[in-house]
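# Chain and residue survey
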Amino acid sequence: MNHGCGFDAPGNLARYLSTVTILHAYEMPGKRYDIGTLDTYEEVKNSLI
């Protein structure tokens, strides 16, 4: 944060790092879940049962 990397938005770290170093990525198989609230957590939890 002392070097200009914001910390509120989830993509800020990757965006900041891309300006100061080379980044590499790996495509991961499988599913991802966006859990931002207790309601979405409960939806995902119930969908896995």
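Details of the structure are given in the entry above.
About the thresholds
Residues numbered from 1 in each chain as written. Predicted model: local features only at pLDDT ≥ 70, side-chain atom pairs only at ≥ 80, totals over all residues. Heavy atoms only, no water. Helix = DSSP H or I, 4+ residues; strand = E, 2+ residues; numbered from the N terminus. Buried < 20%, exposed > 50% of the residue type's maximum accessible area, 1.4 Å probe, protein only. Areas by Shrake-Rupley, 256 points an atom, 1.4 Å probe, with all protein chains shown as cover. Salt bridge = Lys/Arg side-chain N within 4 Å of Asp/Glu carboxyl O. Patch = residues over 30% accessible without salt bridge, like charges linked within 9 Å, V, L, I, M, F, W, Y side chains within 5 Å. Contact = heavy atoms within 4.5 Å.

### Quick look at the overall build of the chain
The helix and strand inventory of the chain stands at 2 helices and 0 strands. Among the 49 residues that make up the chain, the fraction classed as buried is 8%. By element, 59% of the accessible surface of the chain is carried by carbon and sulfur atoms, the whole surface being about 4,800 Å².

### Digging into the pattern of salt bridges
What the rule picks out here adds up to 1 salt bridge. The residue Glu42 makes a salt bridge to Lys45 at a minimum N-O spacing of 3.4 Å. Linking Glu42 with Lys45, this pair stays in helix 2 (residues 38-47), spanning 3 residues, or about one helical turn. A relative accessible area of 35% means that Lys45 is categorised as partly exposed.

### Overview of a nonpolar patch on the surface
There is a patch of nonpolar side chains on the surface, built from Tyr33, Ile35, Leu38, Tyr41 and Leu48 and spanning about 520 Å² of accessible area. Secondary-structure assignment places Leu48 in the segment after helix 2.

### A short note on the environment of Tyr33
Following the sequence through the fold, Tyr33 ends up in the loop between helix 1 (12-20) and helix 2. Along the backbone, Tyr33 and Val44 are 11 residues apart, and their C-alpha atoms lie at a distance of 7.2 Å. Among all residues touching Tyr33, those that are not within four sequence positions of it are Val44 and Leu48.

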